[in-house]
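# An overview of the molecular structure
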Amino acid sequence: MAKTPVTFTLNDTEAALFVDPGASLVDVLRRGAGDLTPKQGCAQGTCGACTVLIDGVPHLSCLTLAETVQGRRVDTAGGLADGPALHPLQRAFIDGFAAQCGFCTSGMLMAAKALLDHNANPTRDEVIEAISGNLCRCTGYEPIVDAILSAAAQMRGQPALQQGAL
Amino acid sequence: MSSIEFRKDLFADERDDNLKEIGKPTIRQDILGHVTGRTPYYDDHLFDGLLHMRAVRSPHHHAEIRSIDTAAAETMPGVRRVLTAKDVPHNLNTLLSLINFGRDDEPLCADDKVRYLGETVAWVIADTERQARDAVAKVRVDYSVLPHVLDVEEAIAPGAPVINDIYPNNTFDYHQKYDHQKLRFGDVNAGFAKADHIIEAEYQMSPIEQAPIETCGAIAAPETNDRFVCHTNTQALFFSLGTTAKLLGIASSRLHFIGGTAGGGFGGKVDSIVEPTAVLGAMVTGKPVKFAWDRYEEMQVGAPRGGERWRIKDGVMADGRIVAREFTGFFDSGAYMRLSPYAIIKATGHLPGPYAIPNVASNVYCCITNRTPATAMRGFGITAVDFSIECHMDRVAEAVGMNPVELRILNAYRDGDMKAHRRKAKNTALIECCQVAAGKASWPISADAAAQSSRVGGGTPERVAIPETSVDEDGRIGERRQGRVADTSPSKTPTGRVAAGTHREAVAGAPVQNPDMQIDADRIGHKMGATTSAAAPVAPQAAPPAAGPSAQPAPPQPVAPAEPTPPASPAPYAPAEKFSRGVRRPGSSPFTSGFRRR
């Protein structure tokens, strides 16, 4: 079967890959580009573990055909940190105990990043809405929502919110 | 020769050996990997030339496999191998055989018949997952559909289909004597006889799927030293290794299992299925093979917490003291035993809950049905019966007109009390928990209840005594079924079943008990007498006692109505169902037969 060449920007790096027609973006990111941060939990668009940003907009990479990102920008959790310096969201997830098994965390972080990138001061309801497509089975959503609000405060230059203060 | 001097002073500031960590927030050591996405789950180990393995699954709950035609699948693009039961070297296992518990009852791949919907009947190994899926659709299996049973009590009713010849009665055999796990402490019937109130109810818990975000999966590959590496998300790494060695007939030293990271488990990743399957794939192809469940498989064939049905009968004095408590439990093990028999042992050790009750009896049945096999999930064996017990405590409080928290404090076990499983209660704290919970909920309790302590009042001679236990001539505790002797060898013919509580009188067409949890007020709730039992689907008249009236468990007792609109005059209590199904002798209680052991 003929493969399709696809070039796109992956976390500030140019990626050029040959993909099988019909291949999902999550599969190509993981096995083709070697970015293992998007996780596949359901392959049917229900769990959100594979969430990535395409041109800044969150997408479920398990339901996205790899060929459709030609010429576009794809951001994953693998590009969140700046070298050893963690993104405020990552820091807030650590400080706020917002991950247990970690399998949903990459997707959660990307859904949260998409929110904070265009809304620096979200309400709690807006945070809940932003991660409503991301399922978590261990941590519980409250610490995750708190962590996102705390990261938003930090990114606005305010002190990190105390756990339980929200 | 001088001794080596270790320069511990170089590292002296690395730890202070102060291990007092309780109450202090501590950052998880693995969370940096989680937030950077670098935590390596099993599927994050990349292998060149990875092959994909998919299962062909039964569309029937129960069916004989007449034949399997793999010819069309084998010629599909990308297909490397199609495997069936004959390709599994030792195709029979039970998980707990590694600790010498239970009989091997489950094949990795069904051979003669399928016993639940979704059971594996073949596998396809192909270059891509899509090719494997396409080929799975081409495997032709000729089934002869058999009658199935999805309800625990129907499974042990007379004439129920035998699901597995290895357990021909559709129940687990306990202690090579019983078709149920048994607990006897004191004499519940004497307790019921003197009780002012009898409160009975039934509780039904549904199966619950653990639903981890990461489905069960494993990747196996040949190593360069004649071993197989297996990356897995199992919660039971060495169980999986041992099970794989047994099923595949290879030395465990040839297996190199790597795990430790699971994307959620909750008990759903202990059944050691994906690991032997993936290693089998690697053995027959000589290539790295991934075998993972998709979301549908996780939900359909991933073993859930099994459904449980509990009946509780309490004898209660007017002042709220519970003097007798009797359980009948039915665990839905699904088509194979796996961990359910063990869960029942746990459950029985837990009875009668955290209360000091002088007379306790329990029969718990581990029932085979044509449902997905059940397995571990967070406190399995305890959670359902605890839920039932605490619901029942509220019913008891209602029946005797008592504050439910004070009822719990009154009956709570205290330090030194003898529990029904013959262990002294230690470090008890139910009273204190009740007091704190009442305070936090602003729930008023009496000054007397607030002054109680778990450390005071327990362990008195009366509360520490172990009552004598009646056994029969064969050393069997309590009742036994007529004509049935201790026999652990699998019988080839169904012995037939009598539904619990019927005193050997088969109830024809016993109704299915609300599998979707729609509460039927007549069926689940207080059994207060004629006003409520008249409409009950199980009419007590259908099951007359086998013995004379002298063997009635308890004389009729008036019971105070507790419903908002009670009948004008309380009807006398009439037991809706008898508990025992054992042999009853005139004049004896249903729980005792034979001589008494001193």
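Cut-off values and rules
- Sequence order as written defines residue numbering, which begins from 1 separately in each chain.
- Labels are handed out in written order, letters beginning with A for the chains and numbers beginning with 1 for the ligands.
- Restriction of local features to residues with pLDDT of at least 70 applies here, the model being predicted, together with a cutoff of 80 or more for giving and counting side-chain atom pairs; totals for whole chains, interfaces and linings are based on all residues.
- Once C-beta atoms are placed from the backbone, each residue is buried if 20 or more other C-beta atoms lie within 10 Å of its own, exposed if 12 or fewer, and partly exposed for counts between those two.
- For helices the rule is a DSSP run of H or I covering at least 4 residues; for strands it is a run of E covering at least 2, with both sets numbered from the N terminus onward.
- One requirement defines pairing of two strands: DSSP has to find at least two bridges between them.
- Between N-to-C directions, angles cover 0 to 180 degrees, with each direction set by a line fitted to C-alpha atoms, over the stretch in contact for helices.
- What sets the label is the angle itself: under 35 degrees gives roughly parallel, over 145 gives roughly antiparallel, 65 to 115 gives roughly perpendicular, and the rest give oblique.
- Here a crossing is taken to be left-handed if its near helix is turned anticlockwise relative to the far helix by less than a right angle, and right-handed if that turn runs clockwise.
- The contact rule is simple: place each C-beta atom from the backbone, and if two of them lie within 7 Å, those residues are in contact.
- For this entry, the nonpolar core is defined as buried Ala, Val, Leu, Ile, Met, Phe, Trp, Tyr and Cys residues connected by C-beta atoms within 7 Å.
- Here the limits of each domain have been adopted from an automatic or database domain assignment.
- Gly falls in the polar group here, along with every residue not listed as nonpolar (Ala, Val, Leu, Ile, Met, Phe, Trp, Tyr, Cys, Pro) or charged (Asp, Glu, Lys, Arg).

## Focus on the pairing of strand E5 (residues 120-126) of chain B
All names here are of chain B.
- By the criterion of burial, E5 is predominantly enclosed, with seven of the seven residues buried.
- Relative to E5, strand E1 (residues 51-57) runs antiparallel, the two sharing six bridges. Bridging from a neighbouring strand, Val56 pairs with Ala122 of E5.
- As judged from the four bridges shared by strand E3 (residues 79-83) and E5, these two strands associate in the antiparallel manner. Bridged to Arg81 within E5 is Ile125.

## Observations regarding the environment of B:Asp151
Residues and elements named next belong to chain B.
- Within the secondary structure layout, Asp151 lies in the loop between strand E6 (140-145) and helix H4 (152-155).
- Classification of Asp151 as buried rests on a count of 22 C-beta atoms within 10 Å.
- For the pair Asp151 and Met76, spaced 75 residues apart in sequence, the C-alpha separation works out to 40 Å.

## Overview of the packing of helix H2 (residues 88-95) of chain A against helix H3 (residues 105-118) of chain A
All names here are of chain A.
- Relative orientation of the contacting elements H2 and H3 amounts to 130 degrees, with a least axis distance of 10 Å. Between H2 and H3, the angle falls in the class oblique. Two packed elements cross with a definite hand, and for H2 against H3 that hand is right-handed. Along the contact surface, H2 presents Leu89, Gln90 and Phe93, while H3 presents Thr105, Leu109, Ala112 and Lys113.

## Digging into the sheet that holds strand E12 (residues 289-292) of chain B
Residues and elements named next belong to chain B.
- Strands sit in the order E3-E5-E1-E12-E9-E10-E11 across an open sheet of seven strands; the sheet is mixed. Lying at the two open borders of the sheet, with one neighbouring strand each, are E3 and strand E11 (255-258). Between one strand axis and the next, the sheet turns by 20 degrees as a mean value, whatever way the strands run.
- In this sheet, E11 lies alongside strand E10 (residues 228-232) in parallel orientation, the contact comprising four bridges. Looking across to E11, one finds that Val229 is bridged to His256.
- Strands in contact with helix H7 (residues 274-285) are E1, E3, E5, strand E9 (217-222), E10, E11 and E12; relative to E9, the strand with the most contacts, it is inclined by about 30 degrees.

## Concerning the nonpolar core
- Counting residues in hydrophobic clusters, the biggest one holds 122 residues, and the most contacted among them are B:Val124, B:Ala220 and B:Ala278.
- Ranked by residues supplied to this core, first place goes to helix H10 (residues 383-400) of chain B with eight residues.
- The residues contacting B:Val124, other than those within four sequence positions of it, are B:Arg54, B:Val56, B:Ala73, B:Val79, B:Val82, B:Ala132, B:Ala135 and B:Val136.
- Counting residues in hydrophobic clusters, the runner-up holds 55 residues, among them A:Cys104, A:Met108, B:Val35 and B:Ile213.

## Regarding the sheet that holds strand E15 (residues 360-368) of chain B
All names here are of chain B.
- With respect to topology, five strands assemble into an open sheet ordered E7-E15-E14-E13-E8, the strand pairing being mixed. The two strands at the open ends of the sheet, each matched to only one other strand, are strand E7 (181-185) and strand E8 (197-205). Going across the sheet, the axis of each strand differs from the next one's by a mean of 5 degrees, ignoring polarity.
- Alignment of E7 against E15, held across five bridges, turns out to be antiparallel. Directly across from Phe185, in E15, lies its bridge partner Val360.

## Overview of the domain arrangement of chain A
Residues and elements named next belong to chain A.
- Domain annotation for chain A reports domain 1 (4-79) and domain 2 (88-155).
- The straight-line distance from the C-alpha centre of domain 1 to that of domain 2 is 21 Å.
- The interface is formed by 16 residues belonging to domain 1 together with 13 residues belonging to domain 2.
- Residue assignment for the side of domain 1 that touches domain 2 shows that the elements contributing at least two residues are strand E3 (51-54) and strand E4 (57-60).
- In terms of residue count, E3 provides more of the side of domain 1 that touches domain 2 than any other element does, three residues in total.
- Broken down by class, the residue content of the side of domain 1 that touches domain 2 amounts to nine nonpolar, six polar and one charged.

## A closer look at the interface of chain B and chain A
- Between chain B and chain A, the residue contacts involve 22 residues of the former and 28 residues of the latter.
- In terms of residue class, the side of chain B that touches chain A is built from 10 nonpolar, seven polar and five charged.

## A word on the packing of helix H6 (residues 237-248) of chain B against H7(B)
Residue and element names in this part refer to chain B.
- Viewed as axis vectors pointing N to C, H6 and H7 meet at an angle of 50 degrees, and their least axial separation amounts to 9 Å. Regarding the angle of H6 to H7, the classification is oblique. Judged by the sense of rotation from one axis to the other, the crossing of H6 with H7 is right-handed. Each of Ser240, Thr243, Thr244, Leu247 and Leu248 in H6 lies in contact with H7, whose residues at this interface are Glu275, Pro276, Val279, Leu280 and Met283.
- For the contact of H6 with H7, the residue count by class is six nonpolar, three polar and one charged.

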